[in-house]
Amino acid sequence: MKIESLLIHGGIDGDEKTGAVSVPIYQTSTYKQEALGKNSGYEYSRTGNPTREALEKLIADLEGGYRGFAFASGLAAISAALMLFKSGDKIIVSSNVYGGTFRVIDKIFKNFNLNYKLVDTSDLKKVEESITEDVKAIFIETPTNPLMTITDISKISEIAKKNKVLTIVDNTFMTPYLQKPIKLGADIVLHSATKYLGGHSDLIAGLLVVNNEELGERIHFIQNSTGGILNPFDSWLLIRGIKTLSVRMDRHNENAEYVANFLQENSLIDKIYYPGFPTHPGYQLHKSQASGYGAIISFVLKEGIDINKFFKGLKLITLGESLGGVESLISHPATMTHAAVPYEIRQKIGIVDNLIRLSVGLENKEDLVEDLKNALEFAK
Ligand SMILES: Cc1ncc(COP(=O)(O)O)c(C=O)c1O
């Protein structure tokens, strides 16, 4: 089955019992047991719920993995993956991962002596040089949030396999419609499903897919033991969102390309980060491992442009956290998504104070450009 069909019919399709074409919402915490030790396969909804299971099977199919898991947020999924490791282990992390990922690693897991090293994973030599005895995983984001740095998933997976460590990929920006890390050798793929997979800015969810049974057993144990599961209604909403992913992503790609071209030609923009430009250092690599450029564009305003006035001048595009919804959202990484990253690290990796991240939505592309043009004029 091709992905457009899989998005609609993957996982558990509809309801066998009644013929309902939409998976029912099993809004239940527990299940009646026939006798001691005799049950329907479900005992308690933290351990398993049919609606969540339909979603978990769907994301496993979409990513081409062995088993999927749904969590209450992207960060709950990331935390579950980090719980695979133990005190004294170390993980290599892409140097400009999402600020919340950095925060949970730096402020929580480090307290349990899970060590980390931030590495520019687009530089394979640096990754190889960073592998020591205690390294147990390489955690990458490609493209990274917000600077759109591209990392070679196949090559990182090769390095990881050679050193018997896991490759974990945050695939939030691309979704399985555009990029399939497990097919490129990764062991674990995760998502903030809050973003493109949900697609409508109406839920918070995380998904995780593993490539083998052993990892599946371990993640299920962690999911059940620590309890960060996605509830039945949001599982259903997410299944519903995923059905239209292909049409949404096609339009996201088209709108973003149009907006990126406008920004690139505008004299008030100093720098633009968009992997769809041949001048982007990761352009060829990204093209070889993904089938689209996505709809996140980051850009730096020229010195002297009033950033507050720019945000105020926008009438259609909404200032807000998050991305990947039908509506265009704009944010200021230094004070919003990446505020948890210390100032010195932000400066070093390029998250400067006049950097802006735009998530291009599904509005009319000419309306979007008009809005940006007016706000830039207002701010100069
Ligand atoms: C790339 C990426 N990964 C993970 C997360 C965290 O996901 P959530 O907000 O669903 O917990 C985000 C949130 O913005 C993100 O952008």
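Note that this is a predicted model, so its numbers are computed, not measured. (Residues numbered from 1 in each chain as written. Predicted model: local features only at pLDDT ≥ 70, side-chain atom pairs only at ≥ 80, totals over all residues. Heavy atoms only, no water.)

**A short note on the site of the ligand**
Lining the immediate environment of the ligand, one finds 13 residues, of which Gly74, Asp170, Ser192, Thr194 and Lys195 sit closest. One of the backbone N or O atoms of Leu75 is found 2.9 Å from an oxygen atom in the ligand. In the environment of the ligand, an oxygen atom lies 2.7 Å from a nitrogen or oxygen atom belonging to the side chain of Lys195. The protein chains hide 92% of the 390 Å² of surface that the ligand would expose on its own. Put simply, the ligand lies in the largest pocket. Residue contributions to the shell around the ligand peak at three residues, all from helix H3 (residues 74–82). When its residues are assigned to classes, the shell around the ligand shows four nonpolar, six polar and three charged. (Near = heavy atom within 4 Å. Polar contact = N/O pair within 3.5 Å; in protein donor to acceptor, adjacent residues only side chain to side chain. Areas by Shrake-Rupley, 256 points an atom, 1.4 Å probe, with all protein chains shown as cover. 1 Å grid on protein atoms, 1.4 Å probe; cavity = no way out; pocket = protein on both sides within 12 Å on 5 of 7 lines; lining within 4 Å. Sits in = over half its atoms within 2 Å of the grid points. Helix = DSSP H or I, 4+ residues; strand = E, 2+ residues; numbered from the N terminus. Nonpolar A, V, L, I, M, F, W, Y, C, P; charged D, E, K, R; others polar.)

**Digging into helix H9 (residues 232–243)**
Count 3.6 residues to each turn of an α-helix, and residues three or four apart come out pointing the same way. Between its terminal C-alpha atoms H9 stretches 17 Å, which fits the 16 Å expected from twelve residues at 1.5 Å a residue. Those residues of H9 that fall on the buried side of the exposure criterion are Pro232, Asp234, Ser235, Leu237, Leu238, Ile239, Gly241 and Ile242. The inward-facing, buried residues of H9 abut helix H1 (3–9), helix H2 (50–63), strand E7 (206–210) and helix H10 (245–265). The residue sitting at the N-terminus of H9 and contributing the capping side-chain oxygen is Asn231; that oxygen lies 3.1 Å from the backbone nitrogen of Phe233. (Expected span 1.5 Å × (residues − 1). Buried < 20%, exposed > 50% of the residue type's maximum accessible area, 1.4 Å probe, protein only. Contact = heavy atoms within 4.5 Å.)

**Re the domain arrangement of the protein**
According to the domain assignment, the protein consists of domain 1 (3–243) and domain 2 (245–379). On the domain 2 side, the residues contacting the 39 residues of domain 1 number 42 residues. The contact between domain 1 and domain 2 buries some 3,200 Å² in all, and 65% of this surface belongs to carbon and sulfur atoms. If you sort the residues of domain 1 by the area they bury against domain 2, Leu147, Leu178 and Tyr196 come out on top, with a joint share of 23%. At the surface where domain 1 touches domain 2, the tally comes to zero salt bridges. Our enumeration of links across domain 1 and domain 2 arrives at 16 residue pairs in polar contact (both at pLDDT 80 or more). Of all the secondary-structure elements, those providing two or more residues to the side of domain 1 that touches domain 2 are H1, helix H4 (99–108), helix H7 (175–178) and H9. Broken down by class, the residue content of the side of domain 1 that touches domain 2 amounts to 19 nonpolar, 15 polar and five charged. (Domains from an automatic or database assignment. Buried area = accessible area lost by both parts, 1.4 Å probe. Salt bridge = Lys/Arg side-chain N within 4 Å of Asp/Glu carboxyl O.)

**Brief notes about the UniProt feature "modified residue: N6-(pyridoxal phosphate)lysine" (unreviewed entry) in the protein**
With numbering matched to this structure, UniProt assigns "modified residue: N6-(pyridoxal phosphate)lysine" (unreviewed entry) to Lys195. As for its position among the elements, Lys195 is in the loop between strand E6 (188–192) and E7. Residue Lys195 is classed as buried on the basis of its relative accessible area of 15%. Setting aside residues no more than four positions away along its own chain, Lys195 makes contact with Thr172, Ser322, Leu323 and Gly324. (UniProt positions renumbered as here; feature names shortened; annotations may be inferred.)

**What to know about the packing of aromatic side chains**
In this structure the tally under the stated criterion is eight aromatic pairs. Aromatic pair Tyr274 and Tyr293: ring centres 6.3 Å apart, planes at 65°, arrangement edge-to-face. One end of the pair, Tyr274, is in the loop between strand E8 (269–273) and helix H11 (283–289); the other, Tyr293, is in the loop between H11 and strand E9 (296–301), and 19 residues separate them in sequence. For Tyr274, a relative accessible area of 1% corresponds to the buried category. Each ring, one from Phe310 and one from Phe311, has its centre 5.7 Å from the other, and the planes form 55°; the classification is tilted. Exposure remark for Phe311: the relative accessible area of 13% places this residue in the buried category. These aromatic residues form a ring-pair network of at least three members: Tyr274, Phe277, Tyr283 and Tyr293. Seen from the ring of Tyr258, Lys365 lies directly overhead, with NZ or CZ sitting 5.1 Å from the centre. (Phe/Tyr/Trp six-rings, centres within 6.5 Å; stacked < 30°, edge-to-face > 60°. Lys NZ or Arg CZ within 6 Å of the ring centre and 35° of its normal.)

**Thoughts on the sheet that holds E9**
Read from one edge to the other, the open sheet built from five strands follows the order E8-E9-E12-E11-E10, with strand pairing classed as mixed. The open sheet has two free edges, formed respectively by E8 and strand E10 (318–319), since each of these has just one partner strand. Alignment of E10 against strand E11 (residues 329–331), held across two bridges, turns out to be parallel. The residue of E11 that forms the bridge with Thr318 is Leu329. Across the sheet, H10 is in contact with E8, E9 and strand E12 (355–359); its angle to E9 comes to roughly 15°. (Pairing = 2+ DSSP bridges. Axes fitted to C-alpha atoms, helices over the stretch in contact; angles between N-to-C directions.)

**Considering the packing of H10 against helix H14 (residues 365–379)**
Between H10 and H14, whose axes approach to 9 Å, the crossing angle comes to 30°. Between H10 and H14, the angle is such that the two are roughly parallel. The two elements H10 and H14 cross, and the hand of that crossing is right-handed. In contact with Glu254, Asn255, Tyr258, Val259, Phe262 and Leu263 of H10, H14 contributes Lys365, Glu366, Leu368, Val369, Leu372, Lys373 and Leu376. Grouping the constituent residues of the contact of H10 with H14 by class yields eight nonpolar, one polar and four charged. (Parallel < 35°, antiparallel > 145°, perpendicular 65-115°, else oblique. Left-handed = near helix turned anticlockwise from the far one by under 90°.)

**Description of H14**
With 15 residues, H14 ought to run about 21 Å at 1.5 Å a step, and its terminal C-alpha atoms sit 21 Å apart, in line with that. Of the residues making up H14, those classed as buried are Leu368, Val369, Asp371, Leu372, Ala375, Leu376 and Ala379. When H14 is viewed along its axis, its buried side chains cluster within an angular range of 160° and face the same direction. Packing partners of the buried residues in H14 comprise H10, E8, E9, helix H12 (307–313) and E12. (Arc of directions from axis to C-beta.)

**A word on the packing of H3 against H4**
It is at 10 Å that the axes of H3 and H4 come closest, and there the two elements cross at 40°. Here H4 runs oblique to H3, going by the angle between their axes. The way H3 lies across H4 gives a crossing that is right-handed. Only Gly100, Thr101, Arg103, Val104 and Ile105 of H4 make contact with H3, whose side of the interface consists of Leu75, Ile78, Ser79 and Leu82. Residues of the contact of H3 with H4, tallied by class, amount to five nonpolar, three polar and one charged.

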